[in-house]
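# Analysis of the macromolecular model
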Amino acid sequence: MPPSTVSDPAYYTSAMSYHEWKRETTLATVLFRPQLPYRKPESPIARFFWRRRVWIEVTFALSMLEPWEKILVMFVMYAALLLLTIGCVLYLPHHLSFLHARAAYYFFGVDPSSALSDSLSSRIKDAASRGLNASLANVSFLGSSIAGMGSSWGAAASTSEL
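Residues numbered from 1 in each chain as written. Predicted model: local features only at pLDDT ≥ 70, side-chain atom pairs only at ≥ 80, totals over all residues. Heavy atoms only, no water.

## Topic: the overall build of the protein
Counting its secondary structure elements, the protein contains 5 helices and 0 strands. For the protein, the succession of helices and strands along the chain, N to C, is α-α-α-α-α. Counting the 162 residues in the protein, one finds 10% classified as buried. In the protein, the share of contacts with a sequence separation of at least 24, taken over all contacts with a separation of at least 6, comes to 15%. Looking at the protein as shown, the accessible area adds up to about 13500 Å², and 71% of this sits on carbon and sulfur atoms. (Helix = DSSP H or I, 4+ residues; strand = E, 2+ residues; numbered from the N terminus. Buried < 20%, exposed > 50% of the residue type's maximum accessible area, 1.4 Å probe, protein only. Contact = heavy atoms within 4.5 Å. Areas by Shrake-Rupley, 256 points an atom, 1.4 Å probe, with all protein chains shown as cover.)

And the structure:
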């Protein structure tokens, strides 16, 4: 049986030139270019992201989309990833401390927040009162020394007038 031929001459021409196929793939082209490069990048970081992007495009059939649709999908994906990252950075530490307090309550039977706040508040009050007492003592000592100097200066001034 003879091979079937296609009447369209554009069918036999390649969609990508040899120079474009031979071009080195960079991290920027992997992350931000709508068309996925065919060749694996040489750097390990770019290769890692290239494999993830190939996996995403094959899983969600993004290779079938037009460039503007692919840009829209990538923008939504990057925005969601950015919001997730911001949420993890801002909220996760507080939530982990809350989970730690709840686990301590379930394991040990005491609420660590009230025990911590009592001991912490008493420590802060003690430190503040010691600091206030020390600063009042320093002010009174400084005042008495200035007053003592003033009387000696006054005595020296009165003797020099004579």
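## Examining the packing of aromatic side chains
Under the counting rule described, the total for this entry stands at 3 aromatic pairs. Aromatic pair F48 and F49: ring centres 5.3 Å apart, planes at 75°, arrangement edge-to-face. Note on F48: relative accessible area 41%, which makes it partly exposed. (Phe/Tyr/Trp six-rings, centres within 6.5 Å; stacked < 30°, edge-to-face > 60°.)

## Describing helix 3 (residues 44-60)
Along its 17 residues, helix 3 runs 24 Å from first to last C-alpha, staying within 8% of the 24 Å computed at 1.5 Å per residue. A61 sits one or two positions beyond helix 3 and adopts a positive phi of about 55°. (Expected span 1.5 Å × (residues − 1).)

## With respect to unusual backbone geometry
Of note in this structure, A61 is not a glycine but carries a positive phi near 55°. The class for A61 is partly exposed, based on a relative accessible area of 37%.

## Quick look at the side chain of R53
Here R53 shows up in helix 3. On the accessibility criterion, R53 (8% relative accessible area) is buried. Residues in contact with R53, not counting those within four places in the same chain, are T29, V30, L31, R33, P34, Q35, L36, K70 and M74.

## A closer look at the environment of R51
Inspection of the secondary structure puts R51 in helix 3. Assessed through its relative accessible area of 44%, R51 is described here as partly exposed.

## Re the pattern of salt bridges
In this structure the tally under the stated criterion is 2 salt bridges. For R53, the salt bridge goes to E57, with nearest N and O atoms at 3.0 Å. With a gap of 4 residues between them, R53 and E57 both fall in helix 3, about one helical turn apart. Among the residues examined, E57 registers a relative accessible area of 5% and is labelled buried. (Salt bridge = Lys/Arg side-chain N within 4 Å of Asp/Glu carboxyl O.)

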